[in-house]
Amino acid sequence: MASEKSKLEVLEEEYRKINKLPRLAKAVENVDKIIELLSAAREQVASDPESHTTITITKLQNPVKTAFEAVNDGLKGAAAAHKKMGKALDKSFPLKPLPTDHDAMADHVSLINRAIAMHLLREGQFSVASTFINEVQVTLKREESADLDEPMDEGDDGDEGMDADEAVSTTSSENYDLSSFHSQELQENFAEMYNILQELKARNLMPAITWARNNSVELEARGSNLEFELSRLQFVWLFKGPSVNGLPDDENNGQRGALQYARSNFTRFQARHLNEINRLACSMAFAPNIAASPYKQIFAIDTAFSDVASSFTREFCSLLGLSAESPLYLAATAGALALPQLMKYTQKTLAKGTEWTTSNEMAFETPLPESMLYHSIFVCPVSKEQTTDANPPMMIPCGHVLAKETLQKLCKGTRFKCPYCPSEGMIKDARQIIL
Amino acid sequence: MADHGASKINHDNHLLLDQPLLRLPHELLRKNIRSAHYHIEWDTNAVKDLLKETATNSINQKASKQDVVNNLDQMLARMRGLKRKLSTYAEEENRLYRQSTARVAHLRELSDVHTVEDVKYEAWSRQRLDRLIVDYMLRHGYNESADALAKERNMLELVDIDTFVAMSKIRQSLENGSVQEALAWCNENKKELRKMQSNLEFMLRCQQYIELNRSSCPKLDAIAHAKKYIIPFSNTYPTEVSHIAGLLAYRSDTPHEPYASLYNSARWKMLADLFTDAHLKLLGLPQFPLLHIALSSGLSALKTPACHSSQQNQSHQGQKSHKSATPGPGQDDEQETRSHGTASLQTSVCPICSTELNALARNVPYAHHSKSHLLEHDLVLLPNGRVYGKAQLDEYADKSRLDEGEVKDLVTGERFREDELKKVFIT
């Protein structure tokens, strides 16, 4: 694997070679030469007596001609380099036409704009986000006023009329979202999240702890231990003392500070996390040599800050009903991963003239890595169809699960036999389940 | 195996969205060399001819010394002009090579990454998204945003701001009712447009003619214009040309078709779109934003029937009230929990269920799966019809400090006795 060069490595090497080839600059040099020749000749003609003019000008012919050829050669060189680049591209990065005959997203500009704005906010790009939102608003206003100016035309360019019509209907129904978005609390929420994450990066846990405490009821309902995890890390962090945490060396830092922190903060966790608290307390006894103690794991905090940062992000977003990772990032990444399948499919169906977005379900599999699966998928083992709201999974008395439609087909009268085990059942005993 | 294979990066096919990244500078280089060629040819021939003529005249004693000096001055002026122009092209060439090199290096980075799980992949893919967003912004004319994002992310070499800004300037001039800029562009790219069989120039000429009809009363200018620019097209576009000819008889407030729509100012928008199409096609760029392609493929791949199901996702409307509502104990508490709508505990919300993309994904099909894929193992059924992994229920019971032998629904918060659970077998 390692010895074999990837196509792009080959391409990079080719580009490196092409970069050394002569370019237009060569032609410019020779133009300079011509200018020199001409101005020298001009000076000579101007200063010499009239009788020399013809000789000078005749003598000029050949060198100028040569120089012009050199200019042309420079141009040819540049063209050759360009051609080489094209060849290298075709060889190592062959063009595969993208599926562009149908744009399923064209009618949803406002929704995409919103997704982008939210993505930018998530990433902490607040100024870019606000520039973007402004530009979108300005464009919208301009388009709206243009739309008001003229009634829809009907005529030979009927297609255009249709497009514009759709645009109007989508803008009027969707643009509300984005204009209200400007003032929405979402922006503040993301700003808060971003600030807390910045503080976490700077090893300051306090803002995160405050947030977790303010939202402790919701977090607990989600079964999240975030508040405790943060507080425990704060304990360890203080315990490590000023040499590690760089905080002022006073009674609020070091082992004394940690103990004090534990006393004033850990009581609220006692019911749920008594064991862990006891362990923390016991670890104090090993203070001089934690690394060799049974508690060393608690104090190994190399990844602790990035770990709490990601659980914080997850919880923060979940409480807002949002995905922890930027959905736009996930969708674009999944899109790149699934695109080869889509292209293979579109190439094959192009002849039939069917669009792949017209049916409910894709006609081909687009495998994604496990980390990109968020819901359990149930495919009926008999019909091989995915279950949906209309065709939900049903559990029969023996515990096996089938799609509802399968079950209806299996039924003879009111009874059926399980396709997977010897037991029989009544249709009324099958029950719909939510996976 | 399938899952394992899915996280592996297929290097031959992973850079489909990134093709324009290298193709565009290559295309622009071609254009650049061609323009350079044009100017070299033009000026060289002129200078060569003049030089020859001067020599001949000088030999034949038809030219005085002063004539020769004058001619030489003329040649010098031409060559200096050529040098100035060529230098700009050489600079542009250098810029494009620099850009290409940076882009190949950026794409090459992926060669070292073999699975999606690699941290390096995430960084790379994030940058790709940034590129796609900039491309999207530029195509919608959100140029300032594009510039700001590209600068913020330090990736000016990886995006084509100049190309698109130039394009959007011409586009804007069309939207503002001026054809000059677009015609100039047509002139620059005459050959290619003819090869593409683009009707852009014809349409622009027609618009000029329509405007002449609109403004001038004795329509002599319009007739002259038509003779010069429109009649030559009468074989290619016979219907349009005959409509155009008929326009002379109608005033701009006519209710009669097709003349009323010819006078309609909505044509400017149509011309702007026509120009954009031709421009993108000429440069070999996709007709719509790359982000659209990524999204329509990605949304489908991620979408499951559950994402817009009425059972799992009544959650999003509940979101807004969530912050302000003070969750109390008991019933309220459980209501709150329900509104978070995550099927499983401690997992994050699915990107398609998330506010950002939910509405957008509504119209795309869901992914095809030929095998069941369960996030949890050892499934049990609660009396309310919901299925969870046993381990998941135990963990939640533990965290919720339930009594021994009790479990709690992760979504609805209902409590049940453990002996009410039934085992579920998924085959």
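Residues numbered from 1 in each chain as written. Chains lettered and ligands numbered in written order. Predicted model: local features only at pLDDT ≥ 70, side-chain atom pairs only at ≥ 80, totals over all residues.

Draft legend 1. Structural detail: the overall build of chain A. When you go through chain A residue by residue, the secondary structure sums to 17 helices and 6 strands. Going through the 435 residues of chain A one by one, you find that 37% of them count as buried. Of all intrachain contacts in chain A linking residues separated by at least 6 positions in sequence, the fraction that spans at least 24 positions is 53%. (Helix = DSSP H or I, 4+ residues; strand = E, 2+ residues; numbered from the N terminus. Buried ≥ 20, exposed ≤ 12 C-beta atoms within 10 Å, placed from the backbone. Contact = placed C-beta atoms within 7 Å.)

Draft legend 2. Representation of the overall build of chain B within the structure. Looking only at helices and strands, one finds 18 helices and 6 strands in chain B. With 427 residues in all, chain B has 38% of them scored as buried. Residue pairs at least 24 apart in sequence account for 64% of intrachain contacts in chain B once pairs closer than 6 positions are excluded.

Draft legend 3. Here's a closer look at the packing of helix 9 (residues 200-215) of chain B against helix 13 (residues 266-282) of chain B. All names here are of chain B. For the pair helix 9 and helix 13, the least separation of the axes is 10 Å and the interaxial angle reads 160°. Taken together, the axis directions place helix 9 and helix 13 in an arrangement best described as roughly antiparallel. Crossing hand, helix 9 versus helix 13: left-handed. For the pair helix 9 and helix 13, contact is made by L200, M203, L204 and Q207 and by R267, L271, L274, F275 and A278, respectively. Taken together, the residues of the contact of helix 9 with helix 13 sort by class into 7 nonpolar, 1 polar and 1 charged. (Axes fitted to C-alpha atoms, helices over the stretch in contact; angles between N-to-C directions. Parallel < 35°, antiparallel > 145°, perpendicular 65-115°, else oblique. Left-handed = near helix turned anticlockwise from the far one by under 90°. Nonpolar A, V, L, I, M, F, W, Y, C, P; charged D, E, K, R; others polar.)

Draft legend 4. How the structure looks around the UniProt feature "domain: RING-Gid-type" (unreviewed entry) in chain A. When the UniProt feature table is mapped to this numbering, "domain: RING-Gid-type" (unreviewed entry) covers residues 380-421 of chain A. Counting secondary structure, residues 380-421 of chain A comes out at 17% helix and 21% strand; the distance between its end C-alpha atoms is 16 Å. (UniProt positions renumbered as here; feature names shortened; annotations may be inferred.)

Draft legend 5. The arrangement of the interface of chain B and chain A in detail. Contact with chain B, which involves 143 residues of that partner, is made by 138 residues of chain A. When its residues are assigned to classes, the side of chain B that touches chain A shows 69 nonpolar, 51 polar and 23 charged. Pairing geometry for strand 1 (residues 361-365) of chain A and strand 1 (residues 366-368) of chain B, over 2 bridges, is parallel. When the sheet's bridge partners are listed, A:E365 is paired in strand 1 of chain B with B:H368. (Pairing = 2+ DSSP bridges.)

Draft legend 6. Region of the structure containing the sheet that holds strand 3 (residues 387-389) of chain B. Residue and element names in this part refer to chain B. Spatially, 3-2-6 is the arrangement adopted by the 3 strands of the open sheet, whose pairing is antiparallel. Single-partner strands in this sheet number two, and they are strand 3 and strand 6 (422-423). Where strand 2 (residues 379-381) lies against strand 3, 3 bridges are found, and the strand directions are antiparallel. By the bridge assignment for strand 3, L381 is matched with V387. Helix-sheet contacts for helix 18 (residues 390-399) involve strand 2 and strand 3, and the interaxial angle to strand 3 is about 80°.

Draft legend 7. How the structure looks around the domain arrangement of chain A. Parsing chain A into structural domains produces domain 1 (7-92), domain 2 (111-145 + 170-181), domain 3 (187-319) and domain 4 (376-435). Tallied by class, residues from the side of domain 2 of chain A that touches domain 3 of chain A come to 2 nonpolar, 1 polar and 1 charged. (Domains from an automatic or database assignment.)

Draft legend 8. Examining the confidence of the model for chain A more closely. For chain A, per-residue confidence averages 83 on the pLDDT scale, and residues scoring 70 or more make up 88% of the total. Note on residues 150-177 of chain A: pLDDT is under 50 here. Beyond four places in sequence and across chains, it has 34 contacts. (pLDDT = per-residue confidence, 0-100.)

Draft legend 9. Region of interest: the sheet that holds strand 3 (residues 401-403) of chain A. All names here are of chain A. Taken in spatial order, the 3 strands line up as 3-2-6 in an open sheet, and their pairing is antiparallel. The sheet terminates laterally at strand 3 and strand 6 (431-432), the two strands that pair on one side only. Here strand 2 (residues 393-395) pairs with strand 3 via 3 bridges, running antiparallel. Note that in strand 3 the partner of M394 across the bridge is L402.

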